[in-house]
Amino acid sequence: MTLARRLAEFAASLDFGALPPAVVASVRLRTLDVLGIALAASTLETAPSILGALEGWGASGDCTVVGAKRTAAAPLAILANGSLAHSLDFDDTHATSITHASAVVVPVALALGEAAGIDGRRAITAMVAGYESITRLGMAVPGEFHARGWHATGVCGPFAAALVAGRIEGLDAGRLTAALGIAGSFASGLLEYLEDGSWVKRVHAGWAGHAGAVAAALARGGFTGPASILEGRFGLYRTLLGAEPDPAPFATLGHEWETPAIGFKPYPCCHYNHAYLDCVLDLRRAHALVGEDVEAVECRVPAGQVPIVCEPRAAKLRPRTAYDAQFSLPYSVAAALLDGRVGLDTYASERLADSRRLALAERVTHVVDPASPFPRGGFPGWVRVRLRDGRVLEARVPDGRGSLACPLPPEAIVEKFRDNAARALPAARVAELEHAALSLDTLPDVRVLATLCRG
């Protein structure tokens, strides 16, 4: 049995009644979280270009575009909503696979569920098929996509989206396998945005969702794709990585659940930064520090994270764009020490030239931690802060807040949603949407949820 066929049979046979309560609860919170992020993004810099693309095509349809008054056909609504969901780098991350699952999975289920008028249980079941698949696709080669310059979400996402879409559309295991074979030719996403802070990563989740939905639609019509798309001679892993996948993660499908292990983000920046921010914020609170107290900060960083958030150093010290700053460990640590918090306003364009931030960022350095197990086991943080009075403070955590090892309470995720959604919707609608998302498994029609997201 090929890996694609194994994924397809898992997705085709998945039953809501077999899902552990913790998995269902996790999906409800993830749906709430990612919709709030997309709503916040609909008010910020990326949204006009995304909506402009839809309007330029003269597209029309019945599916919600989050935060907008207009609607679109399902594939374009998925493209828009997935891009918004990933635009703020505030969406969840599965550590070992290094994939952003919800920004791919939820928009596909929302749009196709809205188009078909399915109930919440069917939507959750389809989403779990996507969550469990995208994580395993990355777990088979932990950290290798990023090491070769691929964005794992863009590469693994089309396969997960094809399973979500195919499950909603009632495809059997044979056609789901074909959909995965088709999705493999759509898998893409490069990390070159790191060179200039440009926006393209923001669209990777939207494109992955769009591509997977198209793949499922083609398979529904009888189009074929190679069942050996993952491990084959010219399959995903050999072609993109020159490597063979570890089949072990696929053997646990339906027995071990990765969905609850996906980490929620308390900070809107690259997840690699999070544990370091936890460390410096904890030290700041415990010792009543202010930025001027700090002589130097040394971060011990896994080698695999260095090219993403630490180098090239000159660019990380002076971010050129807000997105650039979200991938700068020195800038993020400096901002946390100065402000005592990290939020969306931390990365506002007008703050990038602040002399105090830039001066403190120059005092933040990194050394490689050769003993780090990254990415297995999470995204660690380890900082040593030297103060002007000669004291040296140190903090170390194995993973950041929001991870399985250090979970955020549901109340914190709900509060994050409220803050984000309030940027786009009136308070009464925010409350309605919150109730609908947290009651997803009882909704008779997901159109109730989708329409509440409109502008």
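No experiment lies behind these values; they were computed from the predicted model shown.

Peer 1: Can you help me understand helix H20 (residues 427–438) in this one?
Peer 2: Residues separated by three or four positions in an α-helix point in the same direction, a consequence of the helix having 3.6 residues per turn. For H20, spanning 12 residues, the distance from its first C-alpha to its last is 17 Å, which sits close to the expected 16 Å at 1.5 Å a residue. What H20 keeps buried is the set Val 430, Leu 433, Glu 434, Ala 436 and Ala 437. For H20, the arc enclosing every buried residue in end-on projection is 165 degrees, short of the 170-degree limit, so these residues lie on one face. Exposed and facing more than 90 degrees away from the buried side of H20 are Ala 428 and His 435. Among the structural elements, helix H2 (21–41), helix H19 (410–421) and helix H21 (447–451) are those in contact with the buried residues of H20.

Peer 1: Help me understand the state of the cysteines in this model?
Peer 2: Here a disulfide denotes one covalent bond, and it connects the sulfur atoms of two cysteines. Under the counting rule described, the total for this entry stands at 0 disulfides. With no disulfide of its own, Cys 269 lies 7.0 Å from the sulfur of Cys 270, the closest cysteine sulfur. Between Cys 406, a free cysteine, and Cys 279, which holds the nearest cysteine sulfur, the sulfur-to-sulfur gap is 11 Å. By relative accessible area, Cys 406 is classed as partly exposed at 33%.

Peer 1: Where do I start with the pattern of salt bridges in this structure?
Peer 2: If charged atoms from side chains of opposite charge come close, those side chains can pair. Summed over the entire model, instances satisfying the criterion amount to 27 salt bridges. With a closest N to O distance of 3.2 Å, Asp 441 and Arg 28 form a salt bridge. Within this pair, whereas Asp 441 is found in the loop between H20 and H21, its partner Arg 28 is found in helix H2, the two being separated by 413 residues in sequence. The exposure class of Asp 441 is buried, given its relative accessible area of 18%.

The rules behind each value
Residues numbered from 1 in each chain as written. Predicted model: local features only at pLDDT ≥ 70, side-chain atom pairs only at ≥ 80, totals over all residues. Heavy atoms only, no water. Helix = DSSP H or I, 4+ residues; strand = E, 2+ residues; numbered from the N terminus. Expected span 1.5 Å × (residues − 1). Buried < 20%, exposed > 50% of the residue type's maximum accessible area, 1.4 Å probe, protein only. Arc of directions from axis to C-beta. Contact = heavy atoms within 4.5 Å. Disulfide = S-S within 2.5 Å. Salt bridge = Lys/Arg side-chain N within 4 Å of Asp/Glu carboxyl O.

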